[in-house]
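The residues making up each chain are set out below.
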Amino acid sequence: MEMKRLSEWRRAAAAKASLLALITVASAATPAAAQLYMPRAVKQAYAKGTRSPDGRPGARYWQNRARYDITVTAAPPNRTVRGTETIVYVNNSPDTLQHIVFKLFVNIHKPGAPRAGGASEAYLTPGTQIDRFAVNGTVTPWGDDANTFTWKAIKLPAPLMPHDSVRLAFDWHYEISREAGREGMLNETTWYLAYFYPRVAVYDDYNGWDTMDFTDLQEFYSDFNDYDVTIRVPANFIVWGTGTLLQPETVLQPEALGRYTASFRSDTTIRVATAADLAGHRVTLPKTNDWHFRARDIPDMAFGVSDQYVWDAASVVVDNTLRRRASVQAAYADTASDFHHMVGFGRHALDWLSHNWPGVPYPYEKSTIFMGSADMEYPMMVNDEAFPDTSFSRFVAEHEIAHTYMPFYMGINETRYGFMDEGWATTFEYLVGVADMGAARETEFYKQFRVNGWITNPSPTQDLPIITPEDVLSGRAYGNNAYGKPSLGYLAVKDLLGDDVFRRALHAYMDRWHGRHPLPWDFFNTFNDAAGRNLDWFWNNWFFSNHYIDLAVAGVTRTGGGYTVVLNNVGGMAAPVDIVLHYADGTTETRHQTPAIWQADQRRATVTVPTARQLQSLDLQGGIWMDANPADNHWAAAH
Ligand SMILES: [Zn+2]
């Protein structure tokens, strides 16, 4: 609609034989119609120079960071989790901060919290209780109230000046939820601790404080921080977590320690703790143990705690140049047969992702696959269900481990731009799936799992532009825009550019923005810059439109040298397509068309098929780019 209005305006202007008309024609040469919509706040960030039009961080780019020191005490089955915490928060922004916004994700369990779905009795808890709060050593009222849910702004006693820091201290406690989702109790003594500590929200250059509610649907947005976290648990409890386990000899018995240490050099899975070891109390030292984890430049920490889960480990080379190995560990109920393969699946995922797509060495020292109920990613950890179908277990592990790159390595705002995180995990999941299962099986799986629900449903909620801020979406609209649609878009731009240029552009994006907070426009601009092509027509078509995939054969005509095939783009999306040609001599030929056929005219494309053979019929086959109406994808010669 906008393009139509613009061309009418141009026609009207050109009709005036005047200087004005000449200027208009000149400016029409610039691709104004293809310029990407940009929210006003993002335009302001570009104007301030915190982001650069070539896709790089701007000369004035900044982000805030913090150092977290946390000691957590947990003694399952007692459901009270206690913490003492200090945060040193550094204001790198040019702004004077009068307030600090805190995220309190555990308050999603409070009765009355705004939630995307319902909440069972077992899910509800009183939320996080702040027992003590201090700012720069001075006890300060927290001022809790019944209407505080997953975030809270606190006015500072004195403003936090640019380039200054503030020391925030807490004592807190909460009751762990009896219903496990992304965190909570898996059984009386097997817990997953995530999102549990009060944290400073992101304050960024284009949006200021992140005050989006956590509703248990959308995901997270975090700064890169340094963490020292100690989980204090009774004897016989093992703790798995993000970061380096410091001084494992202070928590493990010598034999278990020896197996754990050996796993860092082992290609084959070592049973660090078996069910018999646990039953015989042969794993941890017989005392209250402090499991101390440290990680730097990471967006979050998560932990699994159990006196029942067995523990497997091995490692794999993730960087051939440095010969760097990463540890792969699994923690699970011994009865889950699929999890006995999980270290192998994890090693395969780290190896494949490091050396193929994205082809960036796995950026952390370890990955732990913890058996839970979330199918969810955390830095250096995933929390996955056990499944009867072992190949599905591998698939879920690969998807969640692929998230290491986006959102964690890349600092994505998942809450607002889930397509920059889930879209990529879904893309890598497809690419590793092709390697695992072959193109035919993976294509069928991806179509059924990622595309079919969207493309076969004509409801008005299905085709919202991917760029729509996802914190305002729910249901299918959220799912489509976070997973399948953007993944098809990324795979379509891979098809358009070819693997070499696509890899160069993807690596440029990851190189420029890892450890930072890229916006969609930083991604689009970097791809344009690194590919050396203005792809705004493509981004507009896939990410900023209400398009869907529906191509049709408009006509086939015989020419001197073969045939001309005219395609209509009914749904509008610039999708790749295979034209499958069936000749009268019984032969068949497939001509692949990249999205380039839609660059000049996004509604109609003319494809030349040079051939001496006589065409009997043809079919359009989209593969993963499923067509909403396959009925008009066939043409047959008249008899
Ligand atoms: Zn995901």
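Everything numeric in this text was worked out from a predicted model, so none of it was measured.

Caption draft 1: Region of the structure containing the sheet that holds strand S19 (residues 310-319). Across the sheet, which stays open at both edges, the six strands sit in the order S16-S19-S20-S21-S23-S22 with mixed pairing between neighbours. Each edge of the sheet is formed by a strand with only one pairing partner; in this case those strands are strand S16 (270-273) and strand S22 (376-378). Going from strand to strand, the sheet's axes swing by 25° on average, the running direction of each strand aside. Looking at chain direction, S22 and strand S23 (residues 381-384) are connected through three bridges and run antiparallel. Looking at the pairing, Met 376 lines up with Asn 383 of S23. Against the sheet, helix H7 (residues 390-402) touches strand S21 (366-371), S22 and S23, its axis set at about 145° to S23.

Caption draft 2: Structural view of the side chain of Asp 619. If you trace the backbone, Asp 619 turns up in strand S29 (residues 615-621). No salt bridge is formed by the buried Asp 619. Its closest oppositely charged neighbour is Lys 447, at 13 Å. Of note is the side chain of Asp 619, whose polar atom sits 3.1 Å from the side chain of His 582. When residues no more than four places from it in sequence are discounted, the contact partners of Asp 619 are Asp 578, Ile 579, Val 580, His 582, Asn 633 and His 634.

Caption draft 3: The environment of Asp 463, seen in detail. By the secondary structure assignment, Asp 463 is in the loop between helix H10 (439-455) and helix H11 (475-482). Each C-alpha atom, one on Asp 463 and one on His 109, is 32 Å from the other, the two residues being 354 residues apart in sequence. In this view, Asp 463 contacts Trp 454, Lys 485, Ser 545, Asn 546, His 547 and Tyr 548; residues no more than four positions away in its chain are not counted. A polar contact of 2.8 Å, which involves the side chain of Asp 463, links it to the side chain of Trp 454.

Caption draft 4: Inspection of the packing of helix H6 (residues 342-355) against helix H9 (residues 422-437) at higher detail. In contact at an axis separation of 11 Å, H6 and H9 are set at 110° when each is read in the N-to-C sense. Between H6 and H9, the crossing angle belongs to the class labelled roughly perpendicular. Every residue of H9 that contacts H6 at His 348, Trp 352 and Leu 353 is listed here: Phe 428, Leu 431, Val 432, Ala 435 and Asp 436. When the residues that make up the contact of H6 with H9 are grouped by side-chain class, the tally is six nonpolar, one polar and one charged.

Caption draft 5: Expanded view of the coordination of the zinc ion. At 1.9 to 2.8 Å from the zinc ion lie its protein donor atoms, namely His 399 (NE2), His 403 (NE2), Glu 422 (OE) and Glu 422 (OE). If you list the donors of the zinc ion from N- to C-terminus, the spacing comes out as H-x3-H-x18-E. Here His 399, found in helix H7, pairs with Glu 422, found in helix H9; they are 23 residues apart in sequence, far enough to count as distant. On the basis of relative accessibility, which here comes to 5%, the residue His 399 falls in the buried class. For Glu 422, a relative accessible area of 1% corresponds to the buried category.

Caption draft 6: Geometry of the pairing of strand S25 (residues 562-569). For S25, the tally of buried residues reaches seven of eight residues, placing the bulk of the element in the interior. Pairing geometry for strand S24 (residues 551-559) and S25, over eight bridges, is antiparallel. By the bridge assignment, Thr 559 is partnered in S25 with Gly 562. Counting the residues that bridge the hairpin from S24 to S25 gives two residues. Where S25 lies against strand S28 (residues 604-610), seven bridges are found, and the strand directions are antiparallel. Pairing of Tyr 563 across the sheet is with Val 609, part of S28.

Caption draft 7: Representation of the pairing of S19 in the model. Burial of S19 is extensive: ten of the ten residues sit out of reach of the surface. Here S19 runs beside strand S20 (residues 324-332); their pairing, made up of nine bridges, is antiparallel. The partner of Ala 314 across the bridge, within S20, is Val 328. Counting the residues in the hairpin turn of S19 and S20 gives four residues, including Arg 323, whose phi is positive at 55°.

Caption draft 8: Quick peek at the sheet that holds S29. The antiparallel open sheet is built from four strands, whose spatial order is S27-S26-S29-S30. Of all strands in the sheet, those with a lone pairing partner are strand S27 (588-593) and strand S30 (634-636), marking the two edges. Taking the axes of each pair of neighbouring strands and ignoring which way they run, one obtains an average angle of 15° across the sheet. Where S29 lies against S30, three bridges are found, and the strand directions are antiparallel. Along S30, the bridge assignment pairs Leu 618 with Trp 635.

Caption draft 9: Just the packing of helix H14 (residues 520-531) against helix H15 (residues 536-543), in detail. Axis separation between H14 and H15 bottoms out at 10 Å; the angle between their running directions is 145°. Relative to H15, H14 is oriented so that their crossing is right-handed. Contacts between H14 and H15 involve Phe 523, Phe 524, Phe 527 and Asn 528 on the former and, on the latter, Asp 536, Trp 539 and Phe 543.

Caption draft 10: Summary view of the packing of aromatic side chains. Using the criterion set out here, one finds 67 aromatic pairs in the structure. Each ring, one from Phe 133 and one from Phe 170, has its centre 5.1 Å from the other, and the planes form 40°; the classification is tilted. Of this pair, Phe 133 sits in strand S4 (residues 129-135) while Phe 170 sits in strand S7 (residues 165-175), and the two are 37 residues apart along the sequence. Each member of the pair Phe 133 and Phe 170 is classed as buried. Seen in terms of ring centroids, Phe 524 and Phe 544 are 5.5 Å apart; in terms of plane orientation they differ by 55°. Their pairing is tilted. Pair noted here: Phe 524 is in helix H14 and Phe 544 is in the loop between H15 and S24, with a separation of 20 residues, a long-range link. The exposure class assigned to Phe 544 is buried, which follows from its relative accessible area of 14%. Sitting above the plane of the Trp 142 ring, Lys 152 keeps its charged end 5.9 Å from the centroid.

Caption draft 11: Inspection of the pattern of salt bridges at higher detail. On inspection of all chains with the given rule, the structure shows 28 salt bridges. With a shortest N-O distance of 3.5 Å, Arg 394 and Asp 436 are connected by a salt bridge. With Arg 394 in helix H7 and Asp 436 in helix H9, this residue pair connects regions lying 42 residues apart in the sequence. Using a relative accessible area of 23% as the deciding quantity, one classes Asp 436 as partly exposed. If you follow the salt bridges from partner to partner, you end up with Asp 54, Arg 56, Arg 512 and Asp 529 in one network.

Rules of the game
Residues numbered from 1 in each chain as written. Predicted model: local features only at pLDDT ≥ 70, side-chain atom pairs only at ≥ 80, totals over all residues. Heavy atoms only, no water. Pairing = 2+ DSSP bridges. Helix = DSSP H or I, 4+ residues; strand = E, 2+ residues; numbered from the N terminus. Axes fitted to C-alpha atoms, helices over the stretch in contact; angles between N-to-C directions. Contact = heavy atoms within 4.5 Å. Buried < 20%, exposed > 50% of the residue type's maximum accessible area, 1.4 Å probe, protein only. Lys, Arg positive; Asp, Glu negative; His and termini not counted. Salt bridge = Lys/Arg side-chain N within 4 Å of Asp/Glu carboxyl O. Polar contact = N/O pair within 3.5 Å; in protein donor to acceptor, adjacent residues only side chain to side chain. Parallel < 35°, antiparallel > 145°, perpendicular 65-115°, else oblique. Nonpolar A, V, L, I, M, F, W, Y, C, P; charged D, E, K, R; others polar. Donors = N, O, S within 2.8 Å, 3.2 Å for Na, K, Ca; no water. Left-handed = near helix turned anticlockwise from the far one by under 90°. Phe/Tyr/Trp six-rings, centres within 6.5 Å; stacked < 30°, edge-to-face > 60°. Lys NZ or Arg CZ within 6 Å of the ring centre and 35° of its normal.

Without other data, these values stay purely geometric and don't point to any function.
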